[in-house]
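Structural features, examined
Residue strings, one per chain:
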Amino acid sequence: MKDKLAIHGGSKVRTQLMPARNAFDNRELEIIKQVFAHYRCRNQDFGSQGHYEHLYTDAFVQYLETNGFADAVNSGTSALFVSLASLQLPPGSHVLVSPVTNPGTINAIILNQLIPVIVDSCPDSYVTNTAQFEERITDLTKAVIIVHIAGKTVSTIDEIIQVSREKGIFVIEDCSQAPGARINGKKVGTFGDLSAFSTMYRKSLASGGCGGLVFTSSEKLYNLVCAYADRGKPFGQPHFHHSDPTVFMFPALNLNQDEISCAIGLSSLTKLDDLIKSRLNFLFDLRESITRHSKVCNPSPISSGDSPFVYPISVDTDQIVCSKREFAQALLAEGIDLNPHYKEIVCEWHWVKPYLLDSFVTNNAIEYRDKTFNLYLNENYGRQEVEDIVEAIVKVESILYSKL
Ligand SMILES: Cc1ncc(COP(=O)(O)O)c(C=O)c1O
């Protein structure tokens, strides 16, 4: 029953599950064993801030192709929280932030007693509109968090950096969804004063169930990041001892990443470039094929500097007799993994509204979301998935919904 949509009881285009990612394989298992072996032969138990964190953070700085310092923490939210905390901004300072992100980004602002000020995206995109960024600066703006969302970079970040330098505003990059991405050849995470990465298991760089990284080229900020991630210890000060709380500087949580996670992250880092390459190859192939065969779907642009995470595809609702959501639900029923309606648009969250500077609505981000669905993907997607996705799109748009 190829002529009946799966959502209406027809057979699915794709009956097998989409490929699993399996982010953790024997390489991670092996390195975990190495952690045990390393500490056992020294007659020690593993903890945090040890050998594997040093290997991991050194490898990460090298991966970013720059000089500086990295700290491994227990989540992306923590990475953002300690990055902001290290700036020691006056409470009530304004922090400009991208329109589309995970709640962790916004919570890091709010829980530092700072006020989020949202900036919209460019038209037809989730990418932060850097031109609008300047309009939203106030006298109290002290920092900006630029989120490289859905694997795409904010390619005009230099504009933000320049304005920020002139006005004494700190820039933090949230690279959680785009590790290894590049802007004009330079890795994201190396443009701002600090950068934060989530390394939870669904991210391209994954250190286990939960995890995060902070990078900065400033030794002073690095020591403060470490302090805010570890009970206010005076890192960088001579003669300080971890077990002497009399010299700690301020109250702070313990947000450390443990040695096992750092070892997993170290292993994951060695796979990152190949992962990005296979995801890009898949998306270039998919984009070309959708563009050739579909009358309704418009896949978002891809550049070789991206580090694909999820992939937005917009639907021309003028050409169909149903909503975008119904269209996406029909594709989902055909066996294609996707998110019909992305909900990570900050200005729409009821719980965040009391904390925002104003009731600014990010219309571009909302309009783009209202006409797109996000395709899920991973590094194991290939030609077969391109064929199945395109077959499902063509079936859905031609059989039932197309007015063409
Ligand atoms: C862009 C972005 N920022 C922040 C976070 C928060 O990271 P975590 O879940 O590791 O706390 C995530 C992911 O969850 C994210 O995608």
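Above this text is the structure in question.
This is a predicted model, so every value here is computed, not measured.

Examining the pairing of strand β11 (residues 310-315)
- Of all the six residues making up β11, six are buried; the element is thus mostly covered by neighbouring parts of the structure.
- In β11, alternate side chains face the same way, and those of V310, P312 and S314 on one face and Y311, I313 and V315 on the other are all buried.
- Summarising the sheet, strand β10 (residues 297-299) and β11 pair through three bridges and their orientation is antiparallel. Bridge pairing in β11 links P299 to I313.
- Alignment of β11 against strand β13 (residues 372-376), held across five bridges, turns out to be antiparallel. Directly across from V310, in β13, lies its bridge partner Y376.

Overview of the packing of aromatic side chains
- One pass over the full model with this rule turns up ten aromatic pairs.
- For the pair Y126 and Y368, a centre-to-centre distance of 4.8 Å together with 80° between the ring planes defines the contact as edge-to-face. In this pair, Y126 is assigned in the loop between β3 (115-118) and α5 (130-135) and Y368 in helix α10 (residues 363-371), connecting sequence segments 242 residues apart.
- Judged by relative accessible area, which is 5%, Y368 ranks as buried.
- In textbook terms, an aromatic cluster arises when at least three aromatic residues are bridged by ring pairs, as seen for F36, Y39 and F46.
- One residue, K186, lies across the ring of F191, its end atom 4.9 Å from the ring centre.
- Here K187 stacks its cationic end above the ring of Y63, 3.7 Å away from the centre of that ring.

Description of the sheet that holds strand β12 (residues 338-339)
- Strand order in the open sheet formed by four strands is β10-β11-β13-β12, and the pairing between neighbours is antiparallel. Across the chains shown, the open sheet's two edge strands, defined by having one partner strand only, are β10 and β12.
- Direction of pairing for β12 relative to β13: antiparallel, over a ladder of two bridges. In the strand pairing of β13, N339 is matched with N374.

A word on the sheet that holds strand β4 (residues 141-147)
- The strand order across the open sheet built from seven strands is β1-β9-β8-β5-β4-β2-β3, with neighbouring strands paired in mixed fashion. Here the strands that pair on one side only, and so sit at the sheet edges, are β1 (69-73) and β3. This sheet shows a mean twist of 20° between the axes of neighbouring strands, independent of strand direction.

Calculation criteria
Residues numbered from 1 in each chain as written. Predicted model: local features only at pLDDT ≥ 70, side-chain atom pairs only at ≥ 80, totals over all residues. Heavy atoms only, no water. Buried < 20%, exposed > 50% of the residue type's maximum accessible area, 1.4 Å probe, protein only. Helix = DSSP H or I, 4+ residues; strand = E, 2+ residues; numbered from the N terminus. Pairing = 2+ DSSP bridges. Phe/Tyr/Trp six-rings, centres within 6.5 Å; stacked < 30°, edge-to-face > 60°. Lys NZ or Arg CZ within 6 Å of the ring centre and 35° of its normal. Axes fitted to C-alpha atoms, helices over the stretch in contact; angles between N-to-C directions.

None of the figures reported here should be taken as evidence of function without further support.
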